[in-house]
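# Topology and contacts: notes
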Amino acid sequence: MASAWNPLASHDLERRDLDHVTHYTCRICQRDFRASRSGVAAWSVDPAGSPLEDRVNQRWLNEPCPGSPQRRDEYDRTRIK
Ligand SMILES: [Zn+2]
């Protein structure tokens, strides 16, 4: 993975390849991410794959895995762009 992915590397990611993107779900904190198939770009999504608003997206991309599902995330994942 590229260096920009370092915070995501702390998650235990289950990978699902879709048509144009790869969907990742963390087995530990249940956060969802998607990345371009090239792996260059990554963004935070809700379980259905909708991108989350920038504030949540930036936080999830830059935080290491919180170690357990977070109550606050239940609200954050409704903050669809
Ligand atoms: Zn995690």
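Fair warning: this is a prediction, and the values are worked out from it, not measured in the lab.

### Things to note about the overall build of the chain
Helix and strand content of the chain: two helices and four strands. Reading the chain from its N terminus to its C terminus gives the helix and strand order β-β-β-β-α-α. The C-alpha atoms of the chain give 11 Å as radius of gyration, which agrees with the globular expectation for 81 residues (12 Å, within 12%). Its C-alpha atoms give the chain principal-axis dimensions of about 30 × 25 × 20 Å. In the chain, buried positions account for 17% of the 81 residues. Across the chain, the fraction of contacts at a sequence separation of at least 24, relative to all contacts at a separation of at least 6, is 39%.

### A look at unusual backbone geometry
Not every positive phi belongs to a glycine, and Gln30 is a case in point at roughly 70 degrees. Relative to the elements of secondary structure, Gln30 occurs in the loop between strand 2 (21–26) and strand 3 (32–36). Note on Gln30: 15 C-beta atoms within 10 Å, which makes it partly exposed.

### Focus: the nonpolar core
Formed by Leu8, Phe33, Ala42, Val45, Leu52, Val56 and Trp60, the largest nonpolar core amounts to seven residues. Of all the secondary-structure elements, those providing two or more residues to this core are strand 4 (42–45) and helix 1 (54–62).

### Quick word on the sheet that holds strand 3
What links the strands of a sheet is backbone hydrogen bonding, and the strands pair in either a parallel or an antiparallel sense. Strand order in the open sheet formed by four strands is 1-2-3-4, with antiparallel pairing between adjacent strands. The open sheet has two edge strands, strand 1 (13–17) and strand 4, and neither has a second partner. Pairwise comparison of adjacent strand axes, ignoring direction, gives a mean angle of 25 degrees for this sheet. Bridging between strand 3 and strand 4 involves four bridges; their strand directions are antiparallel. Note on strand 4: the bridge partner recorded for Phe33 is Ser44.

### Points about the environment of Val21
Its place among the elements puts Val21 in strand 2. Here the alpha-carbon distance between Val21 and Ala42, two residues 21 residues apart in the chain, equals 9.5 Å. Among all residues touching Val21, those that are not within four sequence positions of it are Arg34, Ala35, Ser36 and Arg37.

Procedures and definitions
Residues numbered from 1 in each chain as written. Predicted model: local features only at pLDDT ≥ 70, side-chain atom pairs only at ≥ 80, totals over all residues. Helix = DSSP H or I, 4+ residues; strand = E, 2+ residues; numbered from the N terminus. Rg over C-alpha atoms; globule rule 2.2 N^0.38 Å. Buried ≥ 20, exposed ≤ 12 C-beta atoms within 10 Å, placed from the backbone. Contact = placed C-beta atoms within 7 Å. Core = buried A, V, L, I, M, F, W, Y, C linked by C-beta atoms within 7 Å. Pairing = 2+ DSSP bridges. Axes fitted to C-alpha atoms, helices over the stretch in contact; angles between N-to-C directions.

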